[in-house]
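# Notes for the structure review
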Amino acid sequence: MNGKVWLIGAGPGDVELLTLKAVRALGEADVVLIDDLVNREVLQFAKVNARVIKVGKRGGCRSTPQAFIERRMVQLACEGLTVARVKGGDPYVFGRGGEEVETLTRAGIVVEVVNGITAGLGVPAALGIPVTHRGLSKGVTFVTGHTAFEASDTVGLNWKALADGGTTLVIYMGLSNLGAIVSALLKAGMKASMPIAVVQEGTLPTQRSVVGRLDQIAGAVARAALASPALVVVGEVVRFAHSIALQDTERKSA
Ligand code: SAH
């Protein structure tokens, strides 16, 4: 009989942001496939004799190809094992969860998805930023900044809509394109003084952030040498960022 696959979202970093269901699923697994963005502390909830396989696709680093990971999960489940595939944030938000569910289902494997707190919600909250706020932000938009400027990206982002939307803009994987993102937003009419935050390793003890205005953020982030994983939050609600983050900015940009 085939085993099953739990596709688990581990949240943005802080291990206490795991759901009870994620903890239970981890405790049932014979094999844990853990992504490199995931806090290793989650493994305390795995069985002591569970096999742990590290996989990851972090940009620029040595990586495990997606197809290999999917094949491996199918193999393991076909051996009758219960597999926990643990991903950062939520599996269905820029996590390729949809593709993995498709592959597993096609192979006749039962898969259950466990939501996680996506970085786009957990990381702003770690700075005290509410992504919506009455009178300030009517909604929140999640986009990826990763492929935003590639020639092959035929769909493209509607910068005008993003700049005018009256919603908070949360950009995943936006750090390496930060300069181009800022230019696109300014060109689309966003005001130069729009508050913006860039947060590295949000919710973890190693969290670092730079908060400032749109037209000055790229220089401040470069001076602070923020690195991946980092999230970009743009909008009036960024005013709520803890003063500690603001002090950070001042110190870093001094
Ligand atoms: N499925 C994940 C996102 C995967 S894409 C989720 O739902 O959160 C990876 C990107 O998420 C990173 O490049 C970064 O932009 C963002 N990210 C994830 N964890 C983060 C963290 N702790 N702090 C800042 N950004 C983070």
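Here the structure is a predicted model, which means the values were calculated and not measured.

### Details of the nonpolar core
By size, the foremost hydrophobic cluster in this structure holds 26 residues, and its most contacted members are Leu 185, Val 198, Ile 217 and Val 234. Broken down by secondary-structure element, the contributors of at least two residues to this core are helix H5 (159-164), strand S7 (168-172), helix H6 (178-187), strand S8 (195-200), helix H7 (217-224) and strand S10 (230-234). The dominant element in this core, judged by the number of residues it contributes, is H6, at five residues. The contact partners of Leu 185, leaving out residues within four places of it in the chain, are Trp 159, Ala 163, Leu 169, Met 190, Leu 214 and Val 234. Ala 22, Val 32, Val 38 and Ala 46 belong to the second largest nonpolar core, which has 18 residues in total.

### Some details on the sheet that holds strand S2 (residues 31-35)
Strand order across the open sheet formed by five strands is S3-S2-S4-S1-S5, with parallel pairing between neighbours. Each having just a single partner strand, strand S3 (51-55) and strand S5 (110-114) make up the two edges of the open sheet. The sheet shows a mean angle of 20° between the axes of neighbouring strands, direction not considered. Relative to strand S4 (residues 83-87), S2 runs parallel, the two sharing four bridges.

### What to know about the side chain of Gln 200
Locating Gln 200 in the fold gives a position in strand S8. Judged by its relative accessible area of 7%, Gln 200 is buried. Ignoring sequence-local partners within four residues, the contact set of Gln 200 consists of Thr 206, Gln 207, Arg 208, Ala 225, Leu 226, Ala 227, Pro 229 and Ala 230.

### Re helix H2 (residues 66-78)
With 13 residues, H2 extends 18 Å from end C-alpha to end C-alpha; this agrees with the ideal 18 Å at 1.5 Å per step. Among the residues of H2, those classed as buried are Gln 66, Ile 69, Glu 70, Arg 72, Met 73, Val 74, Leu 76 and Ala 77. Against the buried residues of H2 lie strand S1 (4-9), S2, S3, S4 and helix H3 (97-106).

### Some remarks on the sheet that holds strand S6 (residues 140-144)
Spatially, the five strands line up as an open sheet ordered S6-S7-S10-S8-S9, and their pairing is mixed. Two strands lie at the open edges of the sheet, namely S6 and strand S9 (208-213), each paired on one side alone. Adjacent strand axes in the sheet meet at a mean angle of 15°, parallel and antiparallel pairs treated alike. Pairing geometry for S8 and S10, over five bridges, is antiparallel.

How each quantity is defined
Residues numbered from 1 in each chain as written. Predicted model: local features only at pLDDT ≥ 70, side-chain atom pairs only at ≥ 80, totals over all residues. Heavy atoms only, no water. Core = buried A, V, L, I, M, F, W, Y, C linked by side-chain atoms within 4.5 Å. Buried < 20%, exposed > 50% of the residue type's maximum accessible area, 1.4 Å probe, protein only. Helix = DSSP H or I, 4+ residues; strand = E, 2+ residues; numbered from the N terminus. Contact = heavy atoms within 4.5 Å. Pairing = 2+ DSSP bridges. Axes fitted to C-alpha atoms, helices over the stretch in contact; angles between N-to-C directions. Expected span 1.5 Å × (residues − 1).

Take it as geometry only, folks, not as evidence of what the structure does.
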